[in-house]
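Survey of secondary and tertiary structure
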Amino acid sequence: TPQTTTVVGREYSVGELGLWKSIKSLDTEILAAPIRLVADAERTMRGTATLTTSSDMVAVYDATAVDDAVTVKSVCTTEIDGCMKVELILLPGAKNAELKSLTLDIPIKDDMAPLWHAVTTAIRVNPVGETPKGNGVVWDSRKFPNGDWIGNFTPYIWLGGMARGLCVFANNDRGWVLNWNEKKSFSPCQE
């Protein structure tokens, strides 16, 4: 099964659950490590992707990962413009175990992301500029108002440089579970 998708100026190699393990933009790797889905901050969800649709316009990979706490079925669709839509269907796990968190980890090389931009639902309060510096968590989605939504979901985040970058976006926070924490606020959706 082909595990590489090529679009104009970019090449994607497919890894666990159909998520990208490599992104080469203009022959330069952007990722520091493969994109992964992590259960409870410690268990990488493992699932072999199968190419189910392939044409000049689209490549679709399906996969399933089974954990004690959750079963994840993924459908990852990459279109000719290089945009990948990730659909995750969560089902009961192999055992009746509690799932505390499910995180999509996208590790971008620091030197590939000197700039960033985030869009909220409010007008004229969308941060843009140099990527925040530091070690550990340098930004989270609680840092600025997000307009009309409850919680702190940010619908669009871009990291990159002058020639290449990567953005993550969603139309809304439907299906996201927002944790109300001991500090009487929502935990961050993104960081």
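Below is a summary of the structure that appears in this document. Just so it is clear, the model here is predicted, and its values are computed rather than measured.

Cut-offs applied
- Residues numbered from 1 in each chain as written.
- Predicted model: local features only at pLDDT ≥ 70, side-chain atom pairs only at ≥ 80, totals over all residues.
- Heavy atoms only, no water.
- Pairing = 2+ DSSP bridges.
- Helix = DSSP H or I, 4+ residues; strand = E, 2+ residues; numbered from the N terminus.
- Axes fitted to C-alpha atoms, helices over the stretch in contact; angles between N-to-C directions.
- Salt bridge = Lys/Arg side-chain N within 4 Å of Asp/Glu carboxyl O.
- Buried < 20%, exposed > 50% of the residue type's maximum accessible area, 1.4 Å probe, protein only.
- Contact = heavy atoms within 4.5 Å.

**Focus on the sheet that holds strand 15 (residues 165-169)**
Across the sheet, 4 strands lie side by side as 13-12-14-15; this open sheet has antiparallel pairing. Two strands in the sheet have a free side with no partner beyond their single neighbour: strand 13 (128-130) and strand 15. Sheet twist, expressed as the mean angle between neighbouring strand axes with direction ignored, is 15°. In the sheet, strand 12 (residues 115-119) pairs with strand 13 via 3 bridges, with the strands oriented antiparallel. Each bridged residue has a counterpart across the sheet, and for H117 the counterpart in strand 13 is V128.

**Points about the pattern of salt bridges**
Tallying each qualifying case throughout the model produces 5 salt bridges. D105 serves as the salt-bridge partner of R36, at 3.2 Å between the closest nitrogen and oxygen. With R36 in strand 5 (residues 36-39) and D105 in strand 11 (residues 102-105), the pair connects residues that are 69 residues apart, well separated along the chain. With relative accessibility at 27%, the residue D105 sits in the partly exposed group. The salt bridge involving D40 is made with R43; its shortest N-O contact spans 3.0 Å.

**A word on the sheet that holds strand 8 (residues 58-66)**
Strand order across the open sheet formed by 4 strands is 7-8-9-10, with antiparallel pairing between neighbours. This sheet does not close on itself; its edge strands, each paired only once, are strand 7 (50-54) and strand 10 (84-92). The average angle at which neighbouring strand axes cross in this sheet is 15°, direction not considered. In this sheet, strand 8 lies alongside strand 7 in antiparallel orientation, the contact comprising 4 bridges.

**Here's the deal with the environment of I157**
Along the chain, the position of I157 falls in strand 14 (residues 156-160). Sequence spacing of I157 and V128 is 29 residues, and the spatial spacing of their C-alpha atoms is 9.9 Å. The residues touching I157, leaving out its near neighbours within four places in the chain, are H117, A118, W139, L166, C167, V168 and Q190.

**Here's the deal with the pairing of strand 3 (residues 20-25)**
For strand 2 (residues 10-14) and strand 3, the ladder comprises 5 bridges, and the chain directions are antiparallel. Pairing of Y12 across the sheet is with I23, part of strand 3. Between strand 2 and strand 3, which pair antiparallel in sequence order, lie 5 residues; one of them, L17, sits at a positive phi of approximately 60°. Here strand 3 runs beside strand 4 (residues 28-29); their pairing, made up of 2 bridges, is antiparallel.

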